[in-house]
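Architecture at a glance
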Amino acid sequence: MALLLLSLSEHFANANTTCARDEKKNEDKSLEWWQTAVYYQVYPRSFKDSNGDGIGDLKGIEEKAEHFKDIGVDCVWLSPIFKSPMADFGYDISDYNMIDPVYGTMDDFVSLQKKLQSLGIKIILDFVPNHSSDEHEWFKKSVDKIMPYKDYYVWRDAKFDDNNTITPPNNWQSLFSNSAWTWNTKREQYYLHQFDRKQPDLNYRNKDLVKEMKNNLRFWLDLGVDGYRVDAVPFLFEHPDFLDDIRKPEELAKKEKNTYEQYYHPNTMDLDETYDMINQFRDVIDEYTLKDGKSRVMITEAYTSLENTMRYYGNETNLGAHMPFNFGLIDRLNEYSNATKFNEAINNWLDNMPDGKCANWVIGNHDNPRVATRFGGEMVDAMNMLNMLLPGAAFTYMGEEIGMSDTAIRWEQTVDPRGRNAGRSDFRTLSRDPARSPYQWNASANAGFTVSSKPWLPVNPNYWKLNLEAQRKQHCSHYTVYKRLAKLRKTRTVQRGSFDGKELSQWVYAFTRSLPSAETYLVVMNVGSEDEHVDLSNWPTLKKDETWQVHTPSVNAQYSIGYSFKTNGFTLRPKSAMVLCNKKELSSSSSSSSPSKSISKSSLVYPVAMLVVASCFVFANS
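Thresholds applied
- Residues numbered from 1 in each chain as written.
- Predicted model: local features only at pLDDT ≥ 70, side-chain atom pairs only at ≥ 80, totals over all residues.
- Heavy atoms only, no water.
- UniProt positions renumbered as here; feature names shortened; annotations may be inferred.
- Patch = residues over 30% accessible without salt bridge, like charges linked within 9 Å, V, L, I, M, F, W, Y side chains within 5 Å.
- Areas by Shrake-Rupley, 256 points an atom, 1.4 Å probe, with all protein chains shown as cover.
- Salt bridge = Lys/Arg side-chain N within 4 Å of Asp/Glu carboxyl O.
- Helix = DSSP H or I, 4+ residues; strand = E, 2+ residues; numbered from the N terminus.
- Pairing = 2+ DSSP bridges.
- Axes fitted to C-alpha atoms, helices over the stretch in contact; angles between N-to-C directions.
- Contact = heavy atoms within 4.5 Å.

As annotated in an unreviewed UniProt entry, the protein carries the name alpha-glucosidase and is attributed to Macrosiphum euphorbiae. Per UniProt, the comment on the protein under Sequence similarities (unreviewed entry) is "Belongs to the glycosyl hydrolase 13 family."

Right under this line is the structure:
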C-alpha cells in the first residue's frame, strides 16, 4: 500500500489543479482530464426513450450522444442504471452488476460506451454504497441468517414499551421521514434504512461486505468506465452503541414537516470510519490508474457541513476523493442573493479547500429544483457563466444548457418516495419529481422524449417554446451561450488562470480569469432586479482605460458580441451577464482547440461564432 500511495503521489504531482487563486507557477504543468472537464449528468429515465414505453433508456442516450459533443461535454455521468425494483428509481439496487431491463442490456451499455468513446467523451457511473434493495439476494439471505450474509445489513433487537409492544431500537429517522427502522417478521429484528424502507443500510463493519462492494467497483472498472460519483457517503457508518439522536429545540422541530429534520444526527453521519472507507474506495480506483496510467475519477456526494465535506479530499497519506461535490451555489444562493452572497458562496469553497486540490461547481442535479426555477429564467446564462468559468471542474445537469425549469407535478402524478411520504398536503415541498421531468428535445408531442402517450413523468407544458431544436435555430439562446462557454473552457486562461472576484456594487458581482502569457476574461453579473451601472476603473489589477470586448453576452444583455467597453462604465440589465475579453493578442498556446486569433473591434476569440450570432439583442424567451 505504501508503494501504491508513493507511486500515485508521483503520478499526480504533475497535475496540480486549476483551483488555487494564483496559478502562475502551474501555467505549464500537465493537467488530468477530470480537473478541467465539463461533466454532464444524465438522469436516464428522463433523457430519451427509444422503445416507446415512456421511460428513458440506454439506446435513447446513445441516439442523442452527438448532443454531448455538440455542446462541449467531456464526460457523461449516468444516474443508476442497475437492476432495481425502482422503489427509489434506481437507488435501490438489487444487483450491482446487471443493467435493469427498463434501461436495456449489457450490450446496450457497451454500445453506448463505444459511441461516447468515438466522440472523445468519457463515462462515469453512480456507485450507491450505503444501501441495497430489500430484494437483493444478500438481504434475503441475511433475513435467513445464512453465512456470510447474516450481518451484511444493520440489524437490531426491538425494545418494548409499557404495554409490551415492540418499538424501534432508537429514535433514528429516515431522510424520507418517519422511523429509520423497519421490523422484519421472519428474522424478528429491526433493520436500519436511512432512506426508504426498501433500501436497507449495508453494514460496513462487516469485512466480507466491504470486499463485495469493492468488487462491485472493479466490475465496471474492468468494463472500462472512467470513474464514479459516489452516492450519500456520510451515512456509511453509525455509532456502534446506537445512541439516540438529539432532538432539536421544540420551536425549531415543530416547523419541520420531514421528521428527519427535527433532529441533529451525530450518531448517523460523518463518522471517522466513513472517511477511511472512502480512502479504501479510492485505493480501488487508483489500482487501475497505476496499472495502465489512465486516470479515473471519484466524486463524493455529501450534504453536510463544509468542514466535513472538505475532509473527503483526504490528505497526503490517505488520498480521499478526487473531488467532493461543492453544493455551495445550490445551498447558499437564490434569486434574492446579492453580490455579497455570491462572493461569499464562491470564496467559502476556495478559501477552505486544501492546497493542491481541485475545485468543482454544481448548480443543479436530480435532487434539487432547477436553476431556472430557483433563480428565474433570466438568470440561466449568468449561472452557467459562473459554473463554467470559475476555476476547476463544472457539472451540468441535463437541461441546464437550454434553461429547462421544474414541472408542476400533481399529487396523483407524484412518484418520488420522499414526496409521497410527505403526504398530499406537503408533497410539493419535498418531492424531487419536478426537477426530473423529461428532456425537451423539440416541440412535438411530449417534447420528442417519447412516442408513448404517457411518459413516466409529465413533460413541462412550456416544451412547445422551450426546447433544444428551437434554441438551435435561434441566433442567441441559452444553447448558443452554453456552447461558447464550453469552448472558452478549453483556453489556457480558464483551465490554468488565476481567479479574482469582486463585489462591484450591492447587486453586481464580477470575476477575472487571467494568465500572464494569455488573454484575460472578465465575467460581470447583475444579480439584481434593476438596471445597474458597472464601473471597473477602481479594480486594482485592471489597467486604467483598458478596452474590453464582449465575448459572450447572456440572451437578455443589451450588448452584442464584439461590442467594446472602457473600464469607466456601462449599464447592465437586470439579471443579465457578460463575458468580456481584453484586447491582448492571443498566442497559439492560449487555446488547446483553436489557432491563435487577435481581438479587435471587428474580430473575436471565436470569429465564426460572430457570423452565427450577429446580434444578441434578444430576450430569453425569443
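Things to note about a nonpolar patch on the surface
Residues Ile246, Leu252 and Tyr264 make up a contiguous nonpolar surface patch of roughly 270 Å² in combined accessible area. Topologically, leucine 252 is positioned in helix H8 (residues 250–253).

Side note on the sheet that holds strand E25 (residues 577–582)
If you trace the six strands from one edge of the open sheet to the other, you get E18-E19-E20-E25-E22-E23, paired in antiparallel fashion. Strands with a single pairing partner mark the edges of an open sheet, and in this sheet they are strand E18 (498–503) and strand E23 (564–566). Taken pair by pair, the neighbouring strands of this sheet meet at an average axis angle of 30°, ignoring direction. Packing of helix H12 (residues 339–352) onto the sheet brings it into contact with E18, strand E19 (508–514) and strand E20 (521–526), and relative to E18 it is tilted by some 150°. In the packing of helix H18 (residues 478–488) onto the sheet, contacts are made with E20, strand E22 (547–553) and E25, and the angle to E22 comes to roughly 120°.

Concerning the sheet that holds strand E11 (residues 227–230)
In space, the eight strands of this open sheet follow the order E15-E14-E11-E5-E2-E1-E17-E16, with parallel pairing throughout. This sheet does not close on itself; its edge strands, each paired only once, are strand E15 (323–324) and strand E16 (360–362). Sheet topology note: the strand E1 (residues 38–42)/strand E2 (residues 75–78) ladder contains four bridges and is parallel. Along E2, the bridge assignment pairs glutamine 41 with tryptophan 77. Strands E2 and strand E5 (122–127) of the sheet are contacted by helix H5 (residues 106–118), whose axis makes an angle of about 140° with E5.

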